[in-house]
Amino acid sequence: MKHKLQSLYLLQLLDTELDELRELRGDLPEAVNSMEERLRFVEQRIEECDTALKKGAVDRSTKEKESLELIAKIEKYRAQQLEVHNNKEYDALTREMEVAENTIATFEAEIEAYAEQSTQLKDSKVQFEKDRDELIKELEEKREELREILASTGQEESDLAVRREGALKEIDEDYFQMYTRIRGAKNGKAVAPIRRGSCSGCYNIVPPQRILEIKKNDRLFICEHCGRILVSEEIALETKR
Ligand SMILES: [Zn+2]
């Protein structure tokens, strides 16, 4: 049992160090992630602008071509009108010409709308590209910052992680679950050694009779004030990280 208590305490020591290393990194990893996400979003917008611009240009040139064809048709109708033999044929050609002119007017309005849309899209694209360039610059700075921190703490962190795995093998699943639960509830500190007759987690005095029991290192005690796992001073002294 003593060995299990030592392993629990060792786990706490290692986790505390890991917590401190992670604190050094702070919210940098999250910041980098969210900037990468924003960058993807902005790049997607730029792509959408490009797609819409291309489609607009194609649609516009189709309408322009069709307008030219209609203009040619009108010219043809006008020439035919000079050669018709009666009013009925003349009126029929006039109606055809009116239809063609109306269609041309519709196309012209559409072409104008495409031009307007294209201007707006180009403006948006310029803005998005500016955002993108700023983001890329900012992101590179943050990544560099993170790289520097990882370079100085990475090895230490992976050593600690290996030792943590070793400590975990010595700990029963139910104890580990209890440890994890208390750690989550108590700001990262689940195991508290007795120090000067008090729980070192909450500084409340532990009754002398209880201290004697804890000293036996033969079962797991919980601080009745803070709910942390209490271990003897002896465990704390003997367990070196
Ligand atoms: Zn306590």
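Residues numbered from 1 in each chain as written. Predicted model: local features only at pLDDT ≥ 70, side-chain atom pairs only at ≥ 80, totals over all residues.

1. Observations concerning the overall build of the protein chain
Regarding its fold elements, the protein chain presents six helices and four strands. Counted from the first residue to the last, the protein chain has its helices and strands arranged as α-α-α-α-β-β-α-β-β-α. A principal-axis box enclosing the C-alpha atoms of the protein chain has dimensions of 125 × 35 × 30 Å. A separation of at least 24 residues holds for 77% of the contacts in the protein chain among residues at least 6 apart in sequence. (Helix = DSSP H or I, 4+ residues; strand = E, 2+ residues; numbered from the N terminus. Contact = placed C-beta atoms within 7 Å.)

2. Overview of the environment of R210
Here R210 shows up in helix 5 (residues 208-215). C-alpha of R210 to C-alpha of G197: the two residues are 13 residues apart in sequence and 10.0 Å apart in space.

3. Re the domain arrangement of the protein chain
Domain assignment breaks the protein chain into domain 1 (25-168) and domain 2 (173-238). A separation of 63 Å is found between the C-alpha centroids of domain 1 and domain 2. (Domains from an automatic or database assignment.)

4. Observations regarding the packing of helix 1 (residues 2-25) against helix 3 (residues 87-169)
The contact between helix 1 and helix 3 brings their axes to 10 Å, and the two run at 165°. The angle between the axes of helix 1 and helix 3 places the two elements in the roughly antiparallel class. Note that helix 1 runs across helix 3; the crossing there is left-handed. Listed contacts from helix 3 to S7, L10, L11, L14, E17, L18, L21, L24 and R25 of helix 1 are L146, I149, T153, E156, E157, L160, R163, R164, A167 and L168. Counted by class, the contact of helix 1 with helix 3 contains eleven nonpolar, two polar and six charged residues. (Axes fitted to C-alpha atoms, helices over the stretch in contact; angles between N-to-C directions. Parallel < 35°, antiparallel > 145°, perpendicular 65-115°, else oblique. Left-handed = near helix turned anticlockwise from the far one by under 90°. Nonpolar A, V, L, I, M, F, W, Y, C, P; charged D, E, K, R; others polar.)

5. Quick word on the sheet that holds strand 3 (residues 221-222)
Reading across the sheet, the four strands line up as 2-1-4-3 and stay open at both edges, with mixed pairing between neighbours. Strands with a single pairing partner mark the edges of an open sheet, and in this sheet they are strand 2 (198-199) and strand 3. Of the strand pairs in this sheet, strand 3 and strand 4 (residues 229-231) are connected by two bridges, and their pairing is antiparallel. Residue pairing across strands places I222 opposite I229, the latter belonging to strand 4. (Pairing = 2+ DSSP bridges.)

6. Section: unusual backbone geometry
Backbone geometry at Y203 places phi at a positive 70°, although glycine is not the residue there. You can see Y203 is positioned in the loop between strand 2 and helix 5. On the basis of neighbour count, Y203 is assigned to the exposed category, with 12 C-beta atoms found within 10 Å. (Buried ≥ 20, exposed ≤ 12 C-beta atoms within 10 Å, placed from the backbone.)

7. A short note on the pairing of strand 1 (residues 191-195)
Among the five residues in strand 1, four count as buried, and that is most of the element. Direction of pairing for strand 1 relative to strand 4: parallel, over a ladder of three bridges. Of the residues in strand 4, the one forming a bridge with V191 is I229. Strand direction decides the pairing type here: strand 1 and strand 2, joined by two bridges, are antiparallel. Paired with R195 across the two strands is S198, which belongs to strand 2. Taking the residues that link successive antiparallel strands as the turn, the strand 1-strand 2 hairpin has two residues, and the phi of R196 there is positive, at about 45°.

8. Let's talk about helix 1
Taking 1.5 Å per residue as the helical rise, helix 1 with its 24 residues ought to reach 34 Å, and the 35 Å between its terminal C-alpha atoms agrees with that figure. Those residues of helix 1 not exposed but buried are L5, S7, L8, Y9, L10, L11, Q12, L14 and D15. Those residues of helix 1 that are buried lie in contact with helix 3, helix 4 (173-185), strand 1, strand 4 and helix 6 (233-238). Positive backbone phi, approximately 55°, marks G26, located one or two places after helix 1. (Expected span 1.5 Å × (residues − 1).)

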